[in-house]
Amino acid sequence: MLNDNDLPIPPLQMRELVGPTDPIDFRNLEGENLFPDLPPGAYENVIDFGSGCGRLARRMMLQRDQPSQYLGVEIHQGMVDWCQTNLTPAATNFKFIRHDAFNLGLNPKGLPHPKALPIGTPSETASLVIAWSVFTHLVESQVYDYLSEIRRVLRGDGIFLSTWFLFDKADYPMMQHFQN
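From a predicted model like this one, the values you see are computed outputs, not experimental measurements. Position numbers for residues start from 1 in each chain and track the written sequence from start to end. For a predicted model such as this one, the threshold for reporting local features is a pLDDT of at least 70, and the threshold for listing and counting side-chain atom pairs is 80 or more; totals across whole chains, interfaces and linings nevertheless cover every residue. Side-chain figures throughout are based on the complete set of non-hydrogen atoms in the structure, without hydrogens or water.

Things to note about the overall build of the protein
- In this text, helices come from DSSP runs of H or I with a minimum length of four residues, and strands from runs of E with a minimum of two, each type numbered from the N-terminal end. Along its length, the protein carries 4 helices and 5 strands.
- In the protein, the succession of α and β elements from N to C terminus is α-β-α-β-α-β-β-α-β.
- Here the globule rule reads 2.2 Å times residues to the power 0.38, and the radius of gyration is calculated from C-alpha atoms. For 180 residues, the compact-globule estimate of 2.2 N^0.38 gives 16 Å, and the C-alpha radius of gyration of the protein, at 16 Å, lies within 12% of that figure.
- Each of the three principal axes of the protein carries a C-alpha extent, and together these read 50 × 40 × 25 Å.
- As displayed, the protein offers around 9600 Å² of accessible surface, 55% of which is attributable to carbon and sulfur atoms.
- In this tally, Lys and Arg are treated as positive and Asp and Glu as negative; His is ignored, and so are the chain termini. To locate a charge, the coordinates of NZ of Lys, CZ of Arg, CG of Asp or CD of Glu are taken. If the 14 positive side-chain charges of the protein are averaged to one point and the 21 negative ones to another, these points end up 4 Å apart. Each accessible area value is a Shrake-Rupley result obtained with a 1.4 Å probe; residue values ignore everything except the protein chains displayed when judging cover.

See below:
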């Protein structure tokens, strides 16, 4: 079993890109399940869509019911590289791949897409898909397409957890060029 001191905390510049900068947000000192209300079986095959620099992955590596398989999917190549170098060696069932979708701030050379790019995992295999602060950064048409892609990868009894921040772009004139 891993212990919190066995795993490095991502560098500050990466933590600043994903939001939480306090190292405590990356720790799991008690080994508690990240989402305690989920049944332990939910952690069997996890896809973390928008895994960033491994905040949730690192905490899951230390939890009581560690995922049998974990796939972190992220658009920022530097964060994928950091996770592969610093987290995967400690728990080889944790893999990280790049999702080469366009994002002005994190992946400006990524593939432009009016629709969702495939997540890159077989259909109906995920017991849990997490999308923490992902849909906030997409336009409406992409949301529908990515929700369909998530539905494709979730198995019948799978669980989808996500966070959302929604606002009407019509209320913000500077956002008008992001309309669908």
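Some points on the sheet that holds strand S1 (residues 45–49)
- If you trace the 5 strands from one edge of the open sheet to the other, you get S3-S2-S1-S4-S5, paired in parallel fashion. Pairing within the sheet leaves two strands with one partner each, and these edge strands are strand S3 (94–98) and strand S5 (154–162). Going across the sheet, the axis of each strand differs from the next one's by a mean of 20°, ignoring polarity.
- Here, strands pair whenever DSSP counts at least two bridges between them. In the sheet, strand S2 (residues 69–74) pairs with S3 via 5 bridges, with the strands oriented parallel. Of the residues in S3, the one forming a bridge with Leu 71 is Lys 95.
- Only heavy atoms enter the contact rule, under which two residues are in contact if any of them lie within 4.5 Å. Lines are fitted to the C-alpha atoms to define the axes, a helix being fitted only along its stretch in contact, and any angle between axes, read from their N-to-C directions, falls within 0 to 180 degrees. On top of the sheet, helix H3 (residues 77–86) reaches S2 and S3; it is set at about 160° to S3, its chief contact.
- Packing of helix H4 (residues 140–153) onto the sheet brings it into contact with S1, strand S4 (126–131) and S5, and relative to S5 it is tilted by some 135°.

Focus: the pairing of S1
- By the criterion of burial, S1 is predominantly enclosed, with 5 of the 5 residues buried.
- Here's how the labels work: a residue is buried when its accessible area is under 20% of the maximum for its type, exposed when over 50%, partly exposed in between, all with a 1.4 Å probe on protein chains only. Of the two faces of S1, both are covered, the one formed by Asn 45, Ile 47 and Phe 49 as well as the one formed by Val 46 and Asp 48.
- Of the pairings in the sheet, the one linking S1 to S2 comprises 5 bridges and is parallel in character. Paired with Val 46 across the bridge in S2 is Tyr 70.
- Note that the unit made of S1, helix H2 (residues 55–61) and S2 has a crossover that is right-handed. Note on handedness: a crossover is taken as right-handed if, strands pointing away from the viewer, the path from the first strand over the helix to the second is clockwise.

Topic: the packing of aromatic side chains
- Only centres within 6.5 Å qualify two rings of Phe, Tyr or Trp (six-membered ring in Trp) as a pair; their planes then separate them into stacked at under 30 degrees, edge-to-face at over 60, and tilted for everything else. One pass over the structure, following the stated rule, counts 6 aromatic pairs.
- Between the aromatic rings of Tyr 70 and Phe 94, the centroid separation amounts to 4.6 Å while the plane-to-plane angle is 20°, which identifies the pairing as stacked. Highlighted residues: Tyr 70 in strand S2 and Phe 94 in strand S3, separated in sequence by 24 residues.
- By relative accessible area, which is 0% here, Phe 94 ends up buried.
- Centroid distance Tyr 70 to Phe 96: 5.5 Å. Interplanar angle 55°. Geometry classified as tilted. Of this pair, Tyr 70 sits in strand S2 while Phe 96 sits in strand S3; the two residues are 26 residues apart in sequence, bridging distant segments of the chain.
- By way of ring pairs, the aromatic residues Tyr 70, Phe 94 and Phe 96 are connected into one cluster.

Some words on the pairing of S2
- In terms of residue burial, S2 counts as a mostly covered element, since 5 of its 6 residues are buried.
- In terms of handedness, the path from S2 via H3 over to S3 forms a crossover that is right-handed.

What about the environment of Asp 6?
- Note that Asp 6 resides in the segment before helix H1 (12–18).
- Taking C-alpha positions, Asp 6 is 15 Å from Ile 24, a pair spaced 18 residues apart along the chain.
- In terms of polar contacts, Asp 6 uses its side chain to reach the backbone amide nitrogen of Asn 3, at 2.8 Å. In protein, a polar contact means a hydrogen-donor-capable atom and an acceptor-capable atom, both N or O and within 3.5 Å, with residues adjacent in sequence counting only if both atoms are side-chain atoms; elsewhere, any N or O pair within 3.5 Å suffices.

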